[in-house]
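Report on the structure
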Amino acid sequence: MSTSHTLTFEGCNYLRHRIILSLLSSRPIKISQIRSRDDKPGLWESEASLIRLIDRLTNGSKIEINETGTRLLFSPGLLQGGTVEHECSKARSISYYLEVLIAIAPFCATSLDVVLKGVTSSTKIDPSVDHIIHSLVPLLKRRNLSTTLKVVKRGCAPKGGGEVHFTCSILSSLNADQWIKCGKVKRVRGVCYCCRVSPAVAHRAVEAAKGILLKFLPDVYIAIDQRKGASAGLSPGYGVVLVAETTEGSTYVGESIFSEDSTAEAVGIDAAKNLLQEVVQGGVCNSNAQYLPLLQMAVSQRDVSKVLLGSLTPFTIEFLRHLKTFFNLLFKIETISNEENEQTDIDQSKFMLTCVGVVLLSDMVKKRHVVSDAPTEVIVEAESAPKKLRLTQPLTTESEEVQRDHLLWHTYDIPTDEDRQEVIDFIIQDLSSPRSAMRQLADEGLLISAQCLAVLAEQGLKEAQLNSIVSITSHAQHPDILCALILTLQHAAVSNPDFKEQCLAVTHSLVTSQQFQVPVIVACLSLVGSVLSSNDDDRLIQLWNRLWLHPDARVRMSVLKSAMNAVKIGYEPNIVMYHRSIRLFSDDFEGVRAAAVEFVCLFADKIPLHDIPAPEDPSSNITLVEHAFNAACEMVTDISLKVRTCAVLQIGKLQHVTGSILELTLEQQLMSHLRKKNTSKERRSALVLSGGWATGRRWGDDSPAEFVDTANVSLVKRGACGAFVNGLEDESMQVRIGTVSAISSLARCNVAFAMKSLDSLVDMLNDEIEEVRQSAIEALKVVSAHCVIREDQLEDILSGLDDLSVSIREGIHDLLSVCTLHNKECMRAALQALLRNLKKYTKDKESIWCALHHLGDRHYNLCLPLMDEFLCLHPFFDTVEPNIEDPAYIAVAILVINSAAKCPTLPALFPRFMLQHYNYLRDSLPALIPTLKIEDTNFRYVPMEKPSLPTSRRDTALTLYSEVRSCLTEVLSLPERFRLQMFPRLLRDLAQLKSSHLAGDASFIGMFIRVHRTYDASMAVLRQIGPSAQIELPMEGTVEAGRQMFQHIISMETRFAGLTADEKWRLRQSRVKIAAIVLLLELFKNNASSESQTKLCTYFLSSLMQLRSLNVDSFTSGLISQLSNVEPQKVGLISKYLRYLLLHAKSLDLFFPTNMLSRASAKIISPSSSDSIQRFAAGLILSLKVEVDIFAVEDTDLIRIVIVLPDKKRQICAPAADRFSKVPSFDASNSNSTALRLRTDVGLSHHPWTEAGEISLLICLSAVPLLTALTQSSISTPTREKLLPISEPVKLQILPKFKV
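These lines cover the structure that appears in this document, whether it is placed above or below. (Residues numbered from 1 in each chain as written. Predicted model: local features only at pLDDT ≥ 70, side-chain atom pairs only at ≥ 80, totals over all residues. Heavy atoms only, no water.)

Looking at where Asp767 falls in the secondary structure, it is placed in the loop between helix H28 (751–763) and helix H29 (770–783). Residue classification places Asp767 among the buried residues on the basis of a relative accessible area of 12%. A polar contact is formed between the side chain of Asp767 and the side chain of Arg736, at a distance of 2.8 Å. Once you skip the residues sitting within four places of it in the chain, Asp767 turns out to touch Arg736, Val772 and Arg773. (Helix = DSSP H or I, 4+ residues; strand = E, 2+ residues; numbered from the N terminus. Buried < 20%, exposed > 50% of the residue type's maximum accessible area, 1.4 Å probe, protein only. Polar contact = N/O pair within 3.5 Å; in protein donor to acceptor, adjacent residues only side chain to side chain. Contact = heavy atoms within 4.5 Å.)

Our focus in this paragraph is the sheet that holds strand E10 (residues 162–168). Taken in spatial order, the 4 strands of this open sheet run E7-E8-E10-E9, and their pairing is mixed. The outermost strands of the open sheet, each flanked by one partner alone, are strand E7 (82–87) and strand E9 (147–153). Looking at each pair of strands side by side, their axes are set apart by 10° on average, direction ignored. By the bridge criterion, 6 bridges tie E7 to strand E8 (residues 112–118) in an arrangement that is parallel. Across the sheet, Thr83 pairs through a bridge with Asp113, a residue of E8. Contacts from helix H2 (residues 45–57) reach E7 and E8, with the element oriented near 160° to E7. (Pairing = 2+ DSSP bridges. Axes fitted to C-alpha atoms, helices over the stretch in contact; angles between N-to-C directions.)

Next up on the list: the environment of Phe1151. Following the sequence through the fold, Phe1151 ends up in the loop between helix H45 (1131–1143) and strand E23 (1158–1159). Judged by its relative accessible area of 5%, Phe1151 is buried. Counting along the chain gives 182 residues from Phe1151 to Thr969, while the straight-line C-alpha distance between them is 9.8 Å. When residues no more than four places from it in sequence are discounted, the contact partners of Phe1151 are Phe1004, Phe1008, Leu1059, Glu1063, Arg1066 and Leu1067.

For the rest of this paragraph, the subject is the sheet that holds strand E11 (residues 178–179). Each strand in a sheet pairs with its neighbour through backbone hydrogen bonds, running either in the same direction (parallel) or in the opposite one (antiparallel). Spatial ordering of the open sheet is given by E11-E16-E18-E17, a layout of 4 strands whose pairing is mixed. Since the sheet does not close on itself, it has two edges, and those belong to E11 and strand E17 (332–336), each with one partner. Where strand E16 (residues 304–309) lies against strand E18 (residues 350–356), 6 bridges are found, and the strand directions are antiparallel. If you follow Leu308 over to E18, its bridge partner there is Met352. In this fold helix H8 (residues 291–298) packs onto E16 and E18, with an angle of close to 175° to the strand it touches most, E16.

Before going further, it helps to spend a moment on helix H20 (residues 575–583). Along H20, the positions that sit buried rather than exposed are Met577, Tyr578 and Ser581. Taken end-on, H20 shows its buried residues confined to a sector of 105°, consistent with a single buried face. (Arc of directions from axis to C-beta.)

Right, let's talk about the pattern of salt bridges for a bit. Side chains that differ in sign of charge can pair as their charged atoms come close. What the rule picks out here adds up to 40 salt bridges. Close ionic contact of Asp587 with Arg556 constitutes a salt bridge, the shortest N to O distance being 2.8 Å. A residue pair is termed long-range when its members are at least 10 positions apart, and Asp587 in the loop between H20 and helix H21 (590–606) and Arg556 in helix H19 (residues 553–568) qualify at 31 residues. We note a salt bridge from Lys902 to Asp857, for which the minimum N-O separation is 3.1 Å. Within this pair, whereas Lys902 is found in the loop between helix H36 (887–900) and helix H37 (912–924), its partner Asp857 is found in helix H33 (residues 845–858), the two being separated by 45 residues in sequence. Assessed through its relative accessible area of 43%, Lys902 is described here as partly exposed. Owing to a relative accessible area of 29%, Asp857 belongs among the partly exposed residues under this scheme. Taken together, the shared-partner salt bridges in this structure form one network comprising Glu810, Lys843, Glu846, Glu1187, Asp1189, Arg1237 and Arg1239. (Salt bridge = Lys/Arg side-chain N within 4 Å of Asp/Glu carboxyl O.)

Below, the discussion takes up unusual backbone geometry. With an omega of 5°, the peptide bond between Ala157 and Pro158 qualifies as cis. Assignment of secondary structure puts Pro158 in the loop between E9 and E10. A positive phi angle, near 50°, is found at Arg35, a position not held by glycine. Take Arg35: its relative accessible area is 8%, and that puts it in the buried class.

Ranked by size, the top nonpolar core spans 167 residues in total, and within it Leu485, Trp544, Phe599, Phe629, Leu821, Phe870 and Phe910 carry the most contacts. What Phe629 contacts, discounting residues up to four positions off in sequence, is Ile651, Leu654, Val657, Ile661, Leu662, Thr665, Ala720 and Leu746. By size, the runner-up hydrophobic cluster in this structure holds 103 residues, among which are Leu213, Val220, Ala271 and Cys285. (Core = buried A, V, L, I, M, F, W, Y, C linked by side-chain atoms within 4.5 Å.)

Moving on, we get to the packing of aromatic side chains. By the definition in use, this model includes 10 aromatic pairs. Aromatic side chains Phe9 and Phe326 sit 5.8 Å apart centroid to centroid with 20° between the ring planes, which places their arrangement in the stacked category. Residue Phe9 is found in strand E1 (residues 7–10), and its partner Phe326 is found in helix H9 (residues 314–327); the two are separated by 317 residues along the sequence. Feature note: the residues Tyr291, Phe315 and Phe319 constitute an aromatic cluster, connected by ring pairs. Sitting over the face of the ring of Trp179, Arg142 holds its NZ or CZ atom 4.0 Å from the ring centroid. Positioned above the aromatic ring of Tyr841 is the side chain of Arg809, whose terminal nitrogen or guanidinium carbon lies 3.6 Å from the ring centre. (Phe/Tyr/Trp six-rings, centres within 6.5 Å; stacked < 30°, edge-to-face > 60°. Lys NZ or Arg CZ within 6 Å of the ring centre and 35° of its normal.)

In structure tokens form, the structure reads like this:
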């Protein structure tokens, strides 16, 4: 089925049909003329709300609606599912949205959990939610889907107030179905709900309905659901829903909802009649649910499906037509009369619909493996062969094709400058050849040459080459080729200012010729903006002036961007350009308006104090930055999202604005700027001066009044007034985030504005978007440095501690660490909220402790009067000693002890147990517990400082480490046999430093010794081996030792934080030398086959050639020069060269680290081995929430999450950078390292799983992929990267889920 083209429809009918089928078929749709002739054209509020709901449930959907709402372009994304809460439009019932959700829920990537709020029952065309529960939900359960639909709150029209909770699992397969038996009605059940009305009304409606139904069967029961208070919604109402159940499991539903002119008896009777009408129509489902089995049949497996339906509704008929349009699927429709259908006695014709499915669900299941919001990148471990970069199709002539391939290969990988100049000359000659000689070359081939030339010109051109390119440019006609040549001139002028004048002259001649298309003009303007830095060329100024009002919006936008680039590199603009940019604020194209805002703000920031006439009063002047600020503030209410976002971001860069104007941005005052407001005294004085009568009348009172133009009347003051208020209340998340960022930026340099903006930023903590709340927290950290947090503001801040997002809670903790509280009530509320947070989310323990550490340090004066309350002390009773292991008590102790460090009177009030607990807390949490001196009357004087024993141990560790280093320096100067005897002793001494603060340095030196020991042993073996590779010595043990040595040298480079760039370079060169030893030992093995030896040599030589253009030592340089022209098949020659170079090379260039090192480590917090068993559905994704603390890792791009599957295969995931956050390190062994917290989701996918198994999860570091495959026993399938574990593996049990 083709999904490439867009389906076009007209009119607003059946919008939900088209959206459902567009999502399932992945075909974009375009709907035009939506109520174009109505009084209120365009989409209704309910339809727009539905589109917003679909956008939240999908990933990658593109929705475009024109300004009038009469045209809709919907490009569907992938159905994501998940948890969503949505406020529905009160114009339609919630069932309007449920009918769509029920259709798409089984096909989502994850189970659907939706909370809808609005109207649950309406008197209009929509059925009630109870109707949906009994008509559509059973159809999902028939497909073995776990589905629930619960009415949490009822809400009748018009005000609503209802709430519905809908959950649905996903389908793994959808088999063909033949549902052709409807059965007979065996019982009737129902419910009569009433909200904010008398219960007697419900009883009357029930009695009326039962009076009709009991005439047909005795098993009738109707319950009464009376709602009160918040669960009853905001409007009164009632209704009756009746359900008839058949012997075959089918259900028929009839309902009636009250209206203003109906009685309770009429409602009950109408419900019974509607139910009987559904029974008469027959079929296996209700009439409003006919579309759902048809949709399930259409997307099922490629087999025959049948369904028996009653009279087809117009809704169903149009749905069949849409199925044909989207899926090219036809149904066979047969009429079943009463005689043919023996299953029922109803005298009504039915229809048998038959089709063959299109097998859509298998494609949907495949997409589920890539649909995930978890920002992890799954890396396939098998390495594929490298592919050449091809920028064009093969040419017709063989010689030309060879030349073109040579050109493209060398454009991006040219080892020397001479080769680069050679390629440039070749391209120039290719482009300047006569047209008659290039007929066989298409313009695409010339375009590739021009693009390659632009890449090469970034490093500079010679003058002769530039002249040739200028000549080619003046004769070029193809616009794309011309754009590439202009880009070449731009790179040449930027790299060499001497070429600037010549390039500008060419640009001016091209633009003034008026024979080229818009892309050429845009390229010329880009060149001008990149090199123009003075005002001496009037021609280019005239060029800007002429193109400023060009009819093409792309040119106008390019003029602005060109001017901005010129200003950034030193061009001094004139005020005329500023005023022209202001006029472009009313441009029709949003890109021009956004560029104009950016240029105006850049201009104002360049000369902020320049005076210009005020717009309202030309006789007075205002500064340029104030004028630009007011103009940019007016664009905050622009219709375009792009312009609004650009405006708020640029406003934040204007730091020279006065405080009075900044404060206006947070106000929204109604005023008139047409008249000057005079006091009563001024008015009486004017009356006397006018010569009026004593009665108050004046000459000319009967003259015509002044005409007032209503178009010029503005009730809201224009300019900066209320700009940030509008930005913070904008419907777009980007605008709100930009506004918060702008407020934060301006508050850094204006204390008064910071204090006034505090309330607005605190209010943004209640925003529904997590990114906005996170941005508000970061802004409050800046603003709180100038302000004091009041009680009402603190209440809003502390409400964020109940947020489900970990990043929000940790952001609140950081905010409390830097803010200043107003009084002790604020301190009490902060501690209570943090303790509740600790009880609810125990994993926030370290972040909460850190927040209390800073709170106590900054607010010791507020903690003093509250100490008895914090420690639960009583003036008359001896309270129970708290548990020292209780995290809540430790939190309080951290707060109190940090306060005591600043308040001398507080330690004297400590209870006995606090004195006893202090030493323990000081040793276990040295980063949080300060040093105190406490005088105890019973023990005379107890100096609570750090004990002398750890200090002596520290000195002992330093002494031992210095002795090992000096001894190792002497040992390395001894002969080999003595070195091998001394190395084990040094390793035993280093083992004593494993628990000290020098553990990282000791581990590095230990690897140093092991590498040197194995190197000496390997070199001794190589000296015993003759020139021939045919030997009789067993080499397996030595080869394994060489691989272990190579593993150590990789660990030394990767696992330690604190190495300098020079030290890493030296380790990299040592890696090459050790790799040469490992290769030579592999080649000398007795059992090595010629094929494996050739593969090893090929891999080694290819890796060695990657180092040609880098800075290498003498040994690596000798390897490259000797082996660059040797073929991999010549194993003997390669081994001869390697042995000669190794025997004549210096020893390993190992060293002692300059800085203190820390060894990388990781601790997996979640999941843990004690967690519950992870259950999965075979063939589908199992999501694991991973939380890890990582220490001493400088580059997070090297971190990998490795999962070892039950079949011993490995799945490697690279977490995204935004999933890492800094956390305080309370581990004594890692106190000098950077601690990171990784939180992410890992999708575990493995198709063959059908039984229980065990998986292992561990954290690794990825080493630089240089010769790493030599650590493997086989080189046939080298891995993509070398992984070094830094954590202990966590084993998890997994079990399949079975349907009951």
